[in-house]
Amino acid sequence: MTRPIGIPRALLPLLPLLPLLPQAAGGQAPPPRPTLVVFITVDQLRGDYLDRFGAQFTGGLARLKTGGAVFANASLDYAITETAPGHATGMSGRFPRSTGIFSNSLGVYDPQAPLIGGGGPPASPFRFRGGTLIDWMRSRNPLSRALSVSRKDRGAILPLGRAQQQAYWYASDGRFTTSTYYADTLPAWVRQFNARRLAHQYAGRSWTLLLPASAYPEPDSVAIENRGQGIAFPHAAPADSALAARVLPNYPWMDQLTLDFALDGLQQLNLGQGPAVDLLAISLSTTDAVGHAFGPDSRELHDQILRLDRMLGGFFDRLFQLRDSAGVLVALTADHGVTPFPEVYSARTGRPAGEVDLSGAAATVRARVLARGVDSSAWMWEDGVLWMDRGAFGRAGVSADFAVREFITAARETPGVLRVDQVRTLTPRDTVRDWVVRRWHHMIPPDLPVEAVVTLKEHYVWGPASYAMHGSPHDDDARVPIVLYGAPFRPGLYRDDARVVDIAPTLAAVLGIVPTERVDGRVLRAALRSGGTN
Ligand SMILES: [Zn+2]
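Draft legend 1. Focus on the coordination of the zinc ion. Around the zinc ion, the protein supplies Asp288 (OD), Asp288 (OD), His292 (NE2) and His470 (NE2) as donor atoms, at distances of 2.1 to 2.7 Å. One can describe the site at the zinc ion as irregular: its four donor atoms subtend angles covering 52 to 157° at the metal. Mapping the donors of the zinc ion onto the primary sequence gives the spacing D-x3-H-x177-H. In this pair, Asp288 and His292 are both assigned in helix 10 (residues 286–294), four residues apart and thus about one turn of the helix distant. With respect to class, Asp288 is no different from His292; both count as buried.

So, in C-alpha cells, the structure goes:
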C-alpha cells in the first residue's frame, strides 16, 4: 500500500487504527468484487477479551474493531465447547449435531491418514459430514482454491470440511506438514519454508512483557498457574533448538510462525489473484495454550492477547501490500472461550466454584452391569457424556433403564451438578427458553448412542484438572466474538444475538453464492451494507 498523500508522517503509525473503508464512498458504486476470503479462528478467544483488552490494541484487532462489523456477544450455542467442534462450525454454518464433529476425541484422528514425515497423530476429516464454504464456492466456480493452516491438525482440517484442498499444521519437529488424506508428498514451497528452520531459531529466547508491568492489572505470580512451574515473567524457551521447536506451541511466537506460513502460502499459491475467489483459513493456537496453563485472569493471557493484536497488525499490513484490500473479506471468530481456575474465580468473587468428578459413580454402575453379563463396551462415561449400547443390555437380559436411573440419581446428588438430561427427552422439550436443552440439542448427532448428559453449574469444571478448562455449555466457554471486515460490511458494534453458524451463510451471501445444503445459520443482514434492515 502506498503512503496516502497529505497525511503527516507523524500520523502514519496510527494508520492501522483507521477503518479500511471501501472506495465506494459515494454509496452509488457497487462494492468491489471479492477476490479472497480470510477466515481467522483464534483458539480460545473469549467473548469479553476484545472489550477487556481493547484499549491497549494498536494492531490487527484494533483494525478489525474499528473498521469491522463486531458482534461482541456472539455464541457457539452448543454444549461441548471444544476445539474440534468449534473449527467444524464456522465454515459449515452447521451445528455439531449436523457436522458429526462431537468432541476432540471424536475429531480428526484417523489411523488411515498418517502425517507426511510423521511428527503427530494421523488425521483426516473422515468424520465430518456435509460441506463447507469452499465446497459452495467451488460449486459456483471449480477454480476456487483454499489453503488452511494451523498449529493443530483439527484447526487446519475442519474449516475445509472434507475438501481435498491444501491443509497444513505444525509437527512436533518444527515442520509444517499434512496427512496422506491430502497429498503423498509436501509441495516444494512447504519444504522450502520448513528448510528455513524458523521454529528452531526461537531457542533460548525469552517471552517478556510487551508493555511496562504497570499496564497489566493482573498479578504475575499465582501459585496455581502452569502447574506451579515457571509462573512469572520472563518465560525462557529451551536453549536446545529441537526442544524449543517442540514446545514452541506454548509461546506467542507460534502464532507468528503460523501467520508467516500462511502469507508464504498465499504468495506461493497466488491465492486471491483470480480467476475465482479463494479462501485462506488460519487458526492461531497459542491463546489456547496460554489460557489453559495460566488461566483467563493471568498476566500471561493479557500479554498474549496484546501480542496477538500486534502480530495480526503485521499480518494485515503485509496482506494488504500483497492484495488489494478492497477485494478481501475477513471473518474472525473463536472455537470456544475458557472458564477460570475455580480457586482463582472464588478468591476474586467470593462465589462458589469447583471441580466435579463423576467417574467413581459411573464406574460403580458399570461394574454392577458388567457383573450381570453386559459387554464391557456397552457403557462409557467421558466428560459429562454417558454412552450406552442398549442392544448389548438387551442381549444380556439386563434393564438399561434401571442402570441409567441409578447413575442419574447418583449424579444429581453430587455437588456442582446443575442437571442431568436423558438425550431422548431433549427434543420434545423447550429449546427456545431452555438454553441448556437447546445447546445439547445442537450438539448431539441423532445416530450417536449418547444416553445422558450432565451439565455442571456455572464456574464448575470436570476434575481432576490441573489446567483452566473449557468444554461446557456456559457462556464463559460458549461466548466468542465474531468480526466481519471488508467492503460489504457495515462497521459498527452489533448487539444482535449472532452465532458462529451464521458466519458461513453471511460470507456466502456477500459472495453471491447459495449454500448447497441446509445450514443452521442465517445471514447477518444487519452487518451488510446492501442487506437492508433485517
Ligand atoms: Zn483448549
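Draft legend 2. Looking closely at the sheet that holds strand 2 (residues 69–75). The sheet built from nine strands is open, its strands ordered 5-4-3-8-1-9-16-2-17 with mixed pairing. Because the sheet does not close on itself, it has two edges, and the strands there are strand 5 (176–177) and strand 17 (492–494). The sheet contact formed by strand 3 (residues 146–150) and strand 4 (residues 166–170) spans four bridges and is parallel. In the strand pairing of strand 4, Val149 is matched with Tyr168.

Draft legend 3. Quick look at the side chain of Thr178. Along the chain, the position of Thr178 falls in the loop between strand 5 and helix 7 (188–195). Given the relative accessible area of 2%, Thr178 is considered buried. A polar contact of 2.7 Å, which involves the side chain of Thr178, links it to the backbone oxygen of Ala167. Leaving out residues up to four positions away in the same chain, Thr178 has contacts with Pro114, Leu115, Ile116, Ala167, Tyr168, Trp169, Ala183 and Leu186.

Draft legend 4. Region of the structure containing the sheet that holds strand 14 (residues 450–456). With respect to topology, four strands assemble into an open sheet ordered 11-12-14-13, the strand pairing being antiparallel. Each edge of the open sheet is held by one strand with a lone partner, namely strand 11 (379–382) and strand 13 (417–422). Here the average twist between neighbouring strands, direction ignored, is 15°. Summarising the sheet, strand 12 (residues 385–388) and strand 14 pair through three bridges and their orientation is antiparallel. Residue pairing for strand 14: Leu386 is matched across the bridge by Ala452.

Draft legend 5. Spatial organisation of the packing of aromatic side chains. Applying the stated criterion across every chain, the model contains 20 aromatic pairs. Seen in terms of ring centroids, Phe193 and Phe261 are 4.9 Å apart; in terms of plane orientation they differ by 65°. Their pairing is edge-to-face. Taken together, the residues Phe193 in helix 7 and Phe261 in helix 9 (residues 253–268) connect sequence positions 68 residues apart. In this structure, Phe193 and Phe261 share a single accessibility class: buried. Summarising the aromatic geometry, the rings of Trp379 and Phe407 are spaced 6.1 Å apart at their centres and angled 85° between planes, so their arrangement reads as edge-to-face. Remark: Phe407 occurs in helix 15 (residues 400–412) and Trp379 occurs in strand 11; sequence separation between them is 28 residues. Ring-pair connections join several aromatic residues into one group, and the members of that group are Tyr168, Tyr170, Phe176, Trp189, Phe193 and Phe261.

Thresholds applied
- Residue numbers run consecutively from 1 along every chain, following the written order of its sequence.
- Two thresholds apply to this predicted model, a pLDDT of at least 70 for residue-level local features and 80 or more for giving and counting side-chain atom pairs, whereas whole-chain, interface and lining totals are computed over all residues.
- For the side-chain quantities, the full set of heavy atoms in the structure was used; hydrogens and water were omitted.
- Donor atoms: N, O and S within 2.8 Å of the metal, or within 3.2 Å for Na, K and Ca. Because water is excluded, sites can look incomplete.
- For a four-donor site, all angles between 85 and 135 degrees give tetrahedral; for four or six donors, opposite pairs above 155 degrees with the remaining angles between 65 and 115 give square planar or octahedral; all remaining cases count as irregular.
- Put simply, DSSP marks the helices as runs of H or I at least four residues long and the strands as runs of E at least two long, and each gets a number from the N terminus on.
- To sort residues, take the accessible area from a 1.4 Å probe on protein chains only and compare it with the maximum for the residue type: under 20% means buried, over 50% means exposed, and anything in between is partly exposed.
- If DSSP finds at least two bridges between two strands, the strands pair.
- Nitrogen and oxygen atoms within 3.5 Å of one another constitute a polar contact, given that in protein one can donate a hydrogen and the other can accept it, and given that sequence-neighbouring residues count only through two side-chain atoms.
- Pairs of residues are marked as contacts when any of their non-hydrogen atoms sit within 4.5 Å.
- Interaxial angles span 0 to 180 degrees and are taken between N-to-C directions of axes, which are lines fitted to C-alpha atoms, for helices over the stretch in contact.
- When the centres of two rings from Phe, Tyr and Trp lie within 6.5 Å, Trp using its six-membered ring, the rings pair. Their planes under 30 degrees apart give stacked, over 60 give edge-to-face, and anything left gives tilted.

Shape is all these values report; function is a separate question.
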